[in-house]
Amino acid sequence: MAMSGTCSAYNPLSENIVERVISPDIWVCTATKPVSVYHGASLDGMPQKELRHGDAISGEKEGDWLVLKGTDLCAPFFDEHGNRNFKNQRTLAMEAAAKPGG
């Protein structure tokens, strides 16, 4: 049987299925300690609430802050040691797929 030089296998990534199924705007708290949420992008104010490891929020990254969608509430994207406090669902899915057996 002769084989042609092209492959007609289905590639879901070519149709941006990842972008449609896994939202980049859903962020999961990956911090080991609770992360305080403030009005505005400043640590000077009174914390309004806390996010704990595993909490999922809808937001957008703006500089070193994660702004919760539809609010003026902001959470620091990094802890005092420079570690990320959040990862979006897409990043978590890619990390899981890259693990052996993932």
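Residues numbered from 1 in each chain as written. Predicted model: local features only at pLDDT ≥ 70, side-chain atom pairs only at ≥ 80, totals over all residues. Heavy atoms only, no water.

Caption draft 1: Here's a closer look at the pattern of salt bridges. Counted by the stated rule, this structure contains four salt bridges. Between D25 and K69 there is a salt bridge; the shortest N-O distance is 2.9 Å. Of the two residues, D25 is situated in the loop between α1 (17–21) and β1 (26–29) and K69 in the loop between β5 (65–68) and β6 (73–76); the sequence distance between them amounts to 44 residues. Accessibility expressed as a relative area gives 27% for D25, which makes it partly exposed. A relative accessible area of 40% means that K69 is categorised as partly exposed. With its nearest N and O atoms 2.9 Å apart, the salt bridge here joins E95 to K87. Given a relative accessible area of 35%, E95 falls into the partly exposed group. (Salt bridge = Lys/Arg side-chain N within 4 Å of Asp/Glu carboxyl O. Helix = DSSP H or I, 4+ residues; strand = E, 2+ residues; numbered from the N terminus. Buried < 20%, exposed > 50% of the residue type's maximum accessible area, 1.4 Å probe, protein only.)

Caption draft 2: Local environment of the packing of aromatic side chains. Per the counting criterion, the structure on display carries three aromatic pairs. Between W27 and F77, the ring centres sit 5.5 Å apart and the planes meet at 85 degrees, which makes this aromatic pair edge-to-face. Here F77 lies in the loop between β6 and β7 (86–88) and W27 lies in strand β1, a separation of 50 residues in the sequence. Of the two residues, W27 and F77, neither departs from the other in class, the shared state being buried. Look at Y38 and W65: their rings are 6.4 Å apart centre to centre, the planes differ by 85 degrees, and that puts the pair in the edge-to-face class. You can see Y38 sitting in strand β2 (residues 35–39) and its partner W65 sitting in strand β5, a full 27 residues away along the chain. On the accessibility criterion, Y38 (10% relative accessible area) is buried. (Phe/Tyr/Trp six-rings, centres within 6.5 Å; stacked < 30°, edge-to-face > 60°.)

Caption draft 3: Highlighting the sheet that holds β6. The strand order across the open sheet built from seven strands is β3-β2-β6-β5-β4-β1-β7, with neighbouring strands paired in antiparallel fashion. Of all the strands in the sheet, just β3 (49–51) and β7 have a single pairing partner and so form its edges. This sheet shows a mean twist of 45 degrees between the axes of neighbouring strands, independent of strand direction. Pairing of β2 with β6 involves two bridges; the strand directions are antiparallel. Bridge pairing links Y38 to C74 in β6. Strands in contact with helix α2 (residues 89–98) are β1 and β7; relative to β7, the strand with the most contacts, it is inclined by about 80 degrees. (Pairing = 2+ DSSP bridges. Axes fitted to C-alpha atoms, helices over the stretch in contact; angles between N-to-C directions. Contact = heavy atoms within 4.5 Å.)

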